[in-house]
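Geometric and topological summary
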Amino acid sequence: MLDLAFVRGQFPAFSEPSLDGWAFFENAGGSYACQPVIDRLTRFYHQRKMQPYAPNPASEAGGAEMDEARTRLAGLLNIAPDELSFGPSTTQNTYVLAQAFRQFLSPGEAIIVTNQDHEANSGPWRRLADEGIEVREWSIDPQTGHLDPDALVALLDERVRLVCFPHCSNVVGEINPVAEITAMAHAAGAFTCVDGVSYAPHGFPDVGALGCDIYLFSAYKTFGPHQGIMAIRRELAEVLPNQAHFFNGDVLYKKFTPAGPDHAQVAASAGMVDYIEALAAHHGVAPSEAAGLMHGHEVALMRPLLSFLSQRNSVRLLGPAEAEQRAPTVAVATRGPAEDVARALADHKVMAGGSHFYAVRALRAMGVDPDRGVLRLSFTHYTSEAEVTQLIEALDRVL
Ligand SMILES: Cc1ncc(COP(=O)(O)O)c(C=O)c1O
């Protein structure tokens, strides 16, 4: 069982006076940062804030810390160190990758996108239609938001080169079977690009075991700094055209990063691994088992919230009502504009979001007006039972 006191002790936000009493339920928008990340960022700015890799001790320490972050994160994700690269955000990363595929694919070839995705893993790919690439949409069930793997079968044929889909949507919350979908795509000769932004905060995945060719997530939602992280497996990374300076094209981890990286943030990303390793060590498990600890706690907290929301006639829960099938990113359509409800919750010291959260296509497909948006209540493993109670009591008054 998760030792919540230990967990919360790793996050300075929980002892910050200005946040005292506030229950934080907009984690899907960006999580609190853990202490090791903040410590590393501070150290970098104090001691190493210069061009890394220059021949002096401070620059060398900065460069070594950047390499450490990449190597240790890759280890956690079960991929090789040069298969992991950083970029400013997932949106910018998919944009760059789409430029690579723009050059890689030929007119008449096809890609598959979903309408469950955040726009980051949808729009850049759909624009390949301008080059004569056929774009096929794998559509969700309008009632449940479910993405049915059986429906993918009809879309796959020998012309499909890439299938883009989320590990978990940021409004539907249902966890998609990445390994199964990837196996289907591979059998048809297609690569897969998985948006893991909504999933990764609930346990860093074993990307190697999932088998996907690209896995993307955003460190600012996984207790880290504002960086996008890309896992691009060697077989694909080697054949895609270089998007960086011509002399960097042979180095896989530089190939899809056209801009100079944020050195301090890349270095500080090692702090996420420090945290996961400390969490695992405290509980006497391997780092790869930390996800299971987080999941158990999150599922237990989700149950009362989902049961409360399912019984409320004034809201429509998007995605599954069963906690085991989803991440704790729980969106509901409300009668009035969702932002008004979020604002009313703030009067009860509950932080939540009301928006379309860039999942405009998913909301439209489910008959929800994106301008009214959805109320999103999202938490992580550091959330307490008392905070969920505070949320439910506030919802009871506000809805
Ligand atoms: C599921 C999902 N994908 C992609 C993104 C975009 O990530 P970034 O802000 O790093 O561009 C978000 C951001 O909210 C998201 O929730």
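About the thresholds
Residues numbered from 1 in each chain as written. Predicted model: local features only at pLDDT ≥ 70, side-chain atom pairs only at ≥ 80, totals over all residues. Helix = DSSP H or I, 4+ residues; strand = E, 2+ residues; numbered from the N terminus. Buried ≥ 20, exposed ≤ 12 C-beta atoms within 10 Å, placed from the backbone. Contact = placed C-beta atoms within 7 Å. Domains from an automatic or database assignment. Nonpolar A, V, L, I, M, F, W, Y, C, P; charged D, E, K, R; others polar. Axes fitted to C-alpha atoms, helices over the stretch in contact; angles between N-to-C directions. Parallel < 35°, antiparallel > 145°, perpendicular 65-115°, else oblique. Left-handed = near helix turned anticlockwise from the far one by under 90°. Pairing = 2+ DSSP bridges. UniProt positions renumbered as here; feature names shortened; annotations may be inferred. Core = buried A, V, L, I, M, F, W, Y, C linked by C-beta atoms within 7 Å.

Details of the overall build of the chain
- Each helix and strand in the chain was counted, giving 16 helices and 13 strands.
- Based on the C-alpha atoms only, the size of the chain along its principal axes is roughly 60 × 55 × 35 Å.
- Out of the 399 residues in the chain, the part that is buried amounts to 49%.
- Within the chain, residue pairs in contact and separated by at least 24 positions form 71% of the contacts whose partners lie at least 6 positions apart.

Brief notes about the domain arrangement of the chain
- Here the chain is partitioned into domain 1 (4-34 + 288-398) and domain 2 (41-273).
- A C-alpha centroid distance of 25 Å is found between domain 1 and domain 2.
- Facing 35 residues of domain 1, the contacting portion of domain 2 comprises 32 residues.
- Mapped onto the side of domain 1 that touches domain 2, the elements with two or more residues apiece are α13 (290-311), β10 (329-333), α15 (360-365) and β13 (374-378).
- Looking at the side of domain 1 that touches domain 2, its residues break down into 21 nonpolar, 10 polar and four charged.

Notes on the packing of helix α3 (residues 57-77) against helix α12 (residues 270-283)
- Running from N to C, α3 and α12 cross one another at 45 degrees; their axes reach a closest spacing of 8 Å. Relative to α12, the element α3 is oriented oblique. The two elements α3 and α12 cross, and the hand of that crossing is left-handed. Along the contact surface, α3 presents Glu 65, Glu 68, Ala 69, Arg 72, Leu 73 and Leu 76, while α12 presents Ala 270, Val 273 and Ile 276.
- When its residues are assigned to classes, the contact of α3 with α12 shows six nonpolar, no polar and three charged.

Regarding the sheet that holds strand β3 (residues 110-114)
- Strand order in the open sheet formed by seven strands is β2-β8-β7-β6-β5-β3-β4, and the pairing between neighbours is mixed. Edge positions in the sheet fall to β2 (84-87) and β4 (134-138), since each of these pairs with one other strand and no more. Here the strands of the sheet are splayed against their neighbours by 20 degrees on average, with no regard to which way each runs.
- Pairing between β2 and strand β8 (residues 228-232): four bridges, direction antiparallel. In the strand pairing of β8, Leu 84 is matched with Ala 231.
- Packing of helix α4 (residues 90-104) onto the sheet brings it into contact with β2, β5 (160-166), β6 (191-195), β7 (214-218) and β8, and relative to β7 it is tilted by some 155 degrees.

Description of the UniProt feature "domain: Aminotransferase class V" (unreviewed entry) in the chain
- UniProt annotation of "domain: Aminotransferase class V" (unreviewed entry) refers to residues 24-391 when read in the numbering used here.
- Strand forms 15% of residues 24-391 and helix 40%; the C-alpha atoms that close the span are 9 Å apart.

Structural notes on the nonpolar core
- Core analysis: the biggest nonpolar cluster contains 120 residues, and Ile 111, Ile 214 and Val 374 have the highest contact counts within it.
- It is α13 that contributes the most residues to this core, eight residues altogether.
- Both of domain 1 (4-34 + 288-398) and domain 2 (41-273) provide at least three residues apiece to this core.

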